[in-house]
Each structure stands twice: as structure tokens, then as C-alpha cells.
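Observations on chain architecture
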Amino acid sequence: MTDGPTTAGVRPRQLLPTATARQTWAALRAEFARLPGLSAGAGTLLVAAAGTGLVAPWVLGRLVDDVIAGSGTSRIVAWAGVIAGAAVLAGLLTAVGATVSARLGETVLARLRERVLDRALHLPSATLERAGTGDLVARAGDDVAVVTNVITTSGPAFLGALLSIVLTAVGLFALDWRLGLAGLAAAPAYALALRWYLRRSVPYYARQRVATGERAQAMAGALRGAATVRAYRLEDAHVAQIADRSALARDLSLEIFNLHTRFGLRVNRSEFVGLAAVLLAGFLLVRDGLVTVGAATTAALYFHRLFNPIGLLLFQSDPIMRAGASLARLVGVTSLPDSASPDGSGPARQGRPGTAAPGEPEPAGLEVVVARHRYDDGPVVLEDVTLHVAPGERVALVGASGAGKSTLAGIAAGTIAPADGAVRLRGVPLAQLGEHRVRREIALVSQEVHVFAGTLGDDLRLAAPAATDAELTAALDLVGVTDWLRALPDGLDTSVGEGGRQLTAAQAQQLALARLVLADPAVAILDEATAEAGSAGARDLDRAAVAATEGRTTLIVAHRLSQAATADRIVVLEHGRVVEQGTHDQLLAAGGGYSRLWRSWSRPGPVAPKSRAGEESATASR
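Residues numbered from 1 in each chain as written. Predicted model: local features only at pLDDT ≥ 70, side-chain atom pairs only at ≥ 80, totals over all residues. Heavy atoms only, no water.

What about the side chain of D459?
- Tracing the sequence through the fold places D459 in helix α17 (residues 456-460).
- Of the residues examined, D459 reaches a relative accessible area of 1% and is grouped as buried. (Helix = DSSP H or I, 4+ residues; strand = E, 2+ residues; numbered from the N terminus. Buried < 20%, exposed > 50% of the residue type's maximum accessible area, 1.4 Å probe, protein only.)

Some words on the nonpolar core
- Counting residues in each nonpolar core, the largest one holds 36 residues, and the members touching the most others are L456, L460, L476, V479, L513 and L518.
- Contributing elements (two or more residues each) for this core: β7 (442-446), α17, α18 (469-478), α19 (482-487), α20 (505-519), β10 (523-527) and α21 (535-548).
- Ranked by residue count, the leading element in this core is α20, at nine residues.
- If near-sequence neighbours (up to four positions away) are discounted, V479 is found in contact with Q510, L513, A514, V517, A544 and A548. (Core = buried A, V, L, I, M, F, W, Y, C linked by side-chain atoms within 4.5 Å. Contact = heavy atoms within 4.5 Å.)

Comments concerning the confidence of the model for the protein chain
- For the protein chain, the average pLDDT comes to 80, and 86% of its residues sit at 70 or higher.
- Counted against residues more than four places away or in other chains, residues 5-11, with its pLDDT under 50, gives 21 contacts.
- Contacts for the low-pLDDT stretch residues 340-360, under 50 throughout, to residues beyond four places or in other chains number 43 contacts. (pLDDT = per-residue confidence, 0-100.)

Remarks on the layout of surface pockets
- Within this model, the second largest pocket holds a volume of roughly 1,400 Å³.
- Taken together, the elements giving at least two residues each to the lining of the second largest pocket come down to α1 (21-33), α2 (36-52), α4 (73-121), α6 (133-175), α8 (187-224), α12 (307-315) and α13 (317-334).
- By residue class, the composition of the lining of the second largest pocket is 34 nonpolar, 10 polar and two charged. (1 Å grid on protein atoms, 1.4 Å probe; cavity = no way out; pocket = protein on both sides within 12 Å on 5 of 7 lines; lining within 4 Å. Points joined across faces, edges and corners; volume = space filled by probe spheres on them. Nonpolar A, V, L, I, M, F, W, Y, C, P; charged D, E, K, R; others polar.)

Description of unusual backbone geometry
- Non-glycine residue D384 carries a positive phi angle of around 55°.
- By the secondary structure assignment, D384 is in strand β3 (residues 380-389).
- Taking the relative accessible area as the measure of exposure, D384 reaches 51% and is therefore exposed.
- Its identity as a non-glycine residue notwithstanding, H575 has a phi of 55°, on the positive side.
- Residue classification places H575 among the exposed positions, given a relative accessible area of 69%.

Some details on the packing of aromatic side chains
- Inspection of the entire model under this criterion finds three aromatic pairs.
- Consider the rings of Y197 and F263, whose centres lie 4.5 Å apart with planes at 10°: the pair is stacked. In this pair, Y197 is assigned in helix α8 and F263 in helix α10 (residues 235-287), connecting sequence segments 66 residues apart. The exposure classification of Y197 matches that of F263, with both residues buried.
- With a centroid separation of 6.0 Å and an interplanar angle of 85°, the aromatic rings of F303 and F307 are classed as edge-to-face.
- The lysine or arginine in question, R266, covers the ring of W196, its NZ or CZ lying 4.0 Å from the ring centre. (Phe/Tyr/Trp six-rings, centres within 6.5 Å; stacked < 30°, edge-to-face > 60°. Lys NZ or Arg CZ within 6 Å of the ring centre and 35° of its normal.)

Quick look at the pairing of strand β5 (residues 420-425)
- Where strand β2 (residues 366-374) meets β5, six bridges bridge the pair, whose relative direction is antiparallel. Across the sheet, R372 pairs through a bridge with D420, a residue of β5.
- Here two bridges tie β5 to strand β6 (residues 428-429), and the two strands are oriented antiparallel to one another. By the bridge assignment for β6, R424 is matched with P429.
- Connecting β5 to the antiparallel partner β6 that follows it, the hairpin turn spans two residues, and R426 within it adopts a positive phi of roughly 55°. (Pairing = 2+ DSSP bridges.)

Quick look at the pattern of salt bridges
- This model, assessed by the stated rule, comprises 17 salt bridges.
- A salt bridge links E31 to R115; the nearest nitrogen and oxygen atoms lie 2.9 Å apart. Note that E31 is positioned in helix α1 and R115 in helix α4, a separation of 84 residues in sequence.
- The network of salt bridges with common partners includes R372, E383, D384 and R577. (Salt bridge = Lys/Arg side-chain N within 4 Å of Asp/Glu carboxyl O.)

So, the environment of H388
- Mapped onto the elements, H388 comes out in strand β3.
- For the pair H388 and V368, spaced 20 residues apart in sequence, the C-alpha to C-alpha distance is 6.4 Å.
- The contacts of H388, once residues within four sequence positions are left out, are L366, E367, E393 and R569.

Quick word on the pairing of β10
- Counting buried positions along β10 yields five of five residues, so the element is predominantly enclosed.
- Looking at chain direction, β7 and β10 are connected through five bridges and run parallel. Residue pairing across strands places L444 opposite I525, the latter belonging to β10.

Details of the side chain of T334
- As for its placement among the helices and strands, T334 is situated in helix α13.
- Judged by relative accessible area, which is 8%, T334 ranks as buried.
- Setting aside chain neighbours within four positions, we find T334 in contact with L112, R115, V116 and R119.

Examining the environment of P391
- Checked against the element boundaries, P391 lands in the loop between β3 and β4 (394-399).
- A relative accessible area of 56% places P391 in the exposed class.
- Sequence-distant contacts of P391, defined by excluding residues within four places in its chain, comprise P363, A364, G365 and T553.

Here's the deal with the sheet that holds β3
- With antiparallel pairing, the four strands of this open sheet are ordered in space as β3-β2-β5-β6. Pairing within the sheet leaves two strands with one partner each, and these edge strands are β3 and β6.

What about helix α3 (residues 55-69)?
- Look at α3: 21 Å from first C-alpha to last across 15 residues, which is about the 21 Å you get at 1.5 Å a residue.
- Buried within α3 we find P57, V59, G61, L63 and D66.
- Count one or two residues on from α3 and you reach G70, which has phi positive near 80°. (Expected span 1.5 Å × (residues − 1).)

Written out as C-alpha cells, the structure is:
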């Protein structure tokens, strides 16, 4: 279980995978196969609508021949009635076909979106952290919006146009094979135009979707850390970063628009070539008595009728290509391997309903061995680190900023995979336990805690869905929430989070610690989990953390040395290596780095106000 994102240093972002064209089509075929009736109905209606559209040009050709032959007015009126009826029927079939197709597409997209969300919620924490929330938000938001727009608007029209082209080509050859060949004279010109466009546009669309994700990541990071950004006066830097990524997305859009305009010129040239060829062939065939004037007229109308479908087919390639790129990104998420446990038991239950608070945790020994760890090609972050935490032992990690404490905590929690090393719980490697089992056994609470929108009780039950109100209240009492809980107007039914009562940073941390109690893991890892509290609430949060982890195997990234002093053992990190370890008294007696840091931190006398950065440097921040 992870409560809040980890803060394990700065590491390169690795985007979630994007599916290949074959994988994307395979996923779509599988979804359509699950809806055979709706798929067949949509296909039948679209074919019928496209076929009905061929009636009017054919009737006009017959009308021309009848006029030339001197037929009476009644016959001409009858043909006019057929044309009107065919037009009405084609319109109805097109409307119904578009509606059914949109319903089919929306259903497929809804199922795909559910799979994306399900897989995202079950992603290994390390995978999600490497990718960043911006990439996932862009896929679940922007990419879904792009695909939805195509399904409801461009998609049915695109399919209808494709069917119209195929059936019209069949109609041309049915009139006369030579007229059909004349119409095909435009095919090379269209193919060359499309080939020119696709070779240049497809890479742009892929880059555009990535640029959109980068922009979303920059905005999400700035908004999520708005308070820190303001505290360090980094507003201009973050705005500049967002502006740079927005400029890249804008420039890519303009380049795509320029390509689209040039593509239109090539399409117009292809239309001229095809229509000229059909008219010339029709003239020659009529002159030689091989076809009637009406047949030549129908052929010209058929080919002219292709202008709109071919134009729509080619020009709608713009949103279709965008949708294809977005769909590939969605399918890429669904194709990620499931993190189910090796025994196939699936997701583990959260917490232990009925024994949630205060509970009887079953502590387990934790062993972390890291020969060397770095993020991709970056510098070495940890080296020659061996950490054994006995069952029920409370160990504090201390060190200056950049010492590798949060990285080590993330590796211990299973949210970061060591480049060269292993983590064992009760002697079993975490990789063998599976993601769900690890989440159940090891809980990570960081300083960045999310309060979910809903009632306070619902927020707590995320850790133990079957917990009773009494158990929720007992967990809150254990972490010292009694006072402000009683002040809430509706108690556990009070709405919190977005749209509800806003909790302070300290209250949010207490809520996270109460969830920890309810989840009842064997191992608790606190990564500066009480760092957000000011000096007034620091002692209360420290006491809450001690109470929540009582009896559990606990690893603490200490923000204040007072936290380290109460631990059973202290491990001091420096430049990614363990340089000291022992109890508080043993390290003070040793006179090493920890002793000097403690004396500096606890020296009496007036202390000038510090920024958070200054406090972190003087104490035990990362």
C-alpha cells in the first residue's frame, strides 16, 4: 500500500508503452467480437446507406436515355419520384447507421476506458512513478477525448465514405469496364498524395501526443506542488517550463496544419485527373456506339459523387490519425502485464476487517541488499547497502539531502526496483510475492498525502472496506484525531477533499496514518511522513506515527532528529553508503557524523527563522 507518491529523488521519466498498429487492431477486433449483434447491425446499415446513394446517378442516366428516346412525361416524373425516394431512404439509413455506429464505438471505447483505468490502478507503483502522473492523465483524459470525438462524429462518416467509394467503384465497372478503368486513372494520383501525407504526418501525430503528455505532466507537477513552488519562488521557472512544452505542442499542430493544406492541393489535382479521364472515355465510347449517353452520364456522376467521400476520407485522416495515435496509447496501457500475485489469487484484500483498530499486526523481517543502484544512465545513488530490519524493529534513516534515504525507502517498499540488488520479506524476494501481496504486506506513507473526495468514513475505508464505524473511530483515536473529529459537523459522514471540508496538512497526515492502522500491514515505511507539520504539530504527528507503527516492522526516513532518537536503531547514509548505524546513545558516544549533526540540531539558544530548505539542510532531510 502506498499513501501518497514517493519522493525518492529525481529520476528520468519513462513513458508508458504505446501499442503497435497490429496490437491496436487486434484489441479493436476483440472488442467488436464481443458485440456481434451491434457490429453486424452497424455494418449492414452503413452498407445499405452507401448502396442507396448509387440509385440517383443511375436513374439520372436512364432519364437522359429516355429523354433522348422521346419518352413521355409520366415516365420522367416516375424517375423523379424514384430519385426523391432514394434520397430520403439514403438519408434515413445514413442517420440510423451513424447512430448505431456511434453507439457501437462508444460502447467499445467505454470498455477500453474501463480496462485502462483498471490496469492503471493495478500498475506496479514503480512503473507509475517512472511514467509520471501526467502521462497517465493525458491518456485517460486527452486521448480518450480525441477518440470519443472521432467515434461520435468523424468515425461513422469515415466508414460511410469508405463504403461509398468501394460501391461506387463497383458501379462504374458494372456500367462498363472501360469506364471503370478510366476512373482508376485517378488512383495513382490519390495514392501518391496520401503516401506523401502519411509519411510526413504520422510521426508528427505521435510526437504531438507525447508533447501533450509532457505538457500535462508539467502542469500537474506545478499544480500539485503549488505551495512548494511558491515557497521556493519557482513560479517563473515552472511557468517557463509549461510555456516551452506548450510551445512545442503548438508548433507541432501548426506544422500538421501546413501539411494538411498542401495535401488538399494534391487531392484537387487527383480529382481533376480522374474526372477528365472518365469524361474522355465516355465521349469515345458514346462516339463508337459502345455505351449510351445515359451510361456515360451515370459514370461521370458516379465519379463526381466520389469527390466528397474521397475528400472526407483523405481529409478526415487528420482526426483519424490523431485518434489512431491516441488509441494506440490507450491499448498500450491495457497491454501492460497484470501485477497479479504468482499464485493467481488476484488482488489482495485491503486490511483485516473486524480487527482493524488497534489490531494485532504480525511483524515480519525485512532485508534490503543493494550492490549498486542508479536511475538509467545517471550517477550511482546507492552502493554497497545492506539493511536488515528485524521483526517489530523500528529503524530510522538519517542523512543529508541526496544521501539516498528516500531511494532506499522506495526500494524497501517495492515501489522502486533496484538496479542490482534484492528485497526480501520473511526471506522471500518481493518479486516472488507479487505486487498485490507486497501492497498488502508493506505500507508506504510519504509526506504527500491525497485526501479523496467523499465522506471521511469512505476515505478511511479505502484501507479496510468492511471496517465498522467503531473501528474507524478507534483508528482515528489511536493517531490523535479525537479533538478535530468531534469538531466535524457530521463526524465520519463529513465530506472532505475536493468540494468538502479542506483538511490541514497535519490532519491529512493523521488521516493517512489512520489508514495505515486500518490496513494493518506487517511493515510500515514512513518517508518523511510527518515533515509537512509545523513545529506546533510536529510532536503530535510524531506521537501519531509511533502509535500507528507500534509493534510493526518500521523503516522511517527521519525529517527531524527527534524521530531518529526514539528509534531502536539509526542508519546514517552519506553519498549512497551506510557510514554509521547503532542506537542513538551508541552513535552519540561514537562521536561521528550523527553526533555532530545532533549537537548542531539540539544546540540551545535563539534560532533565526529558517525556510523549509534551510531546516532540511540542518536536520535530516534527504
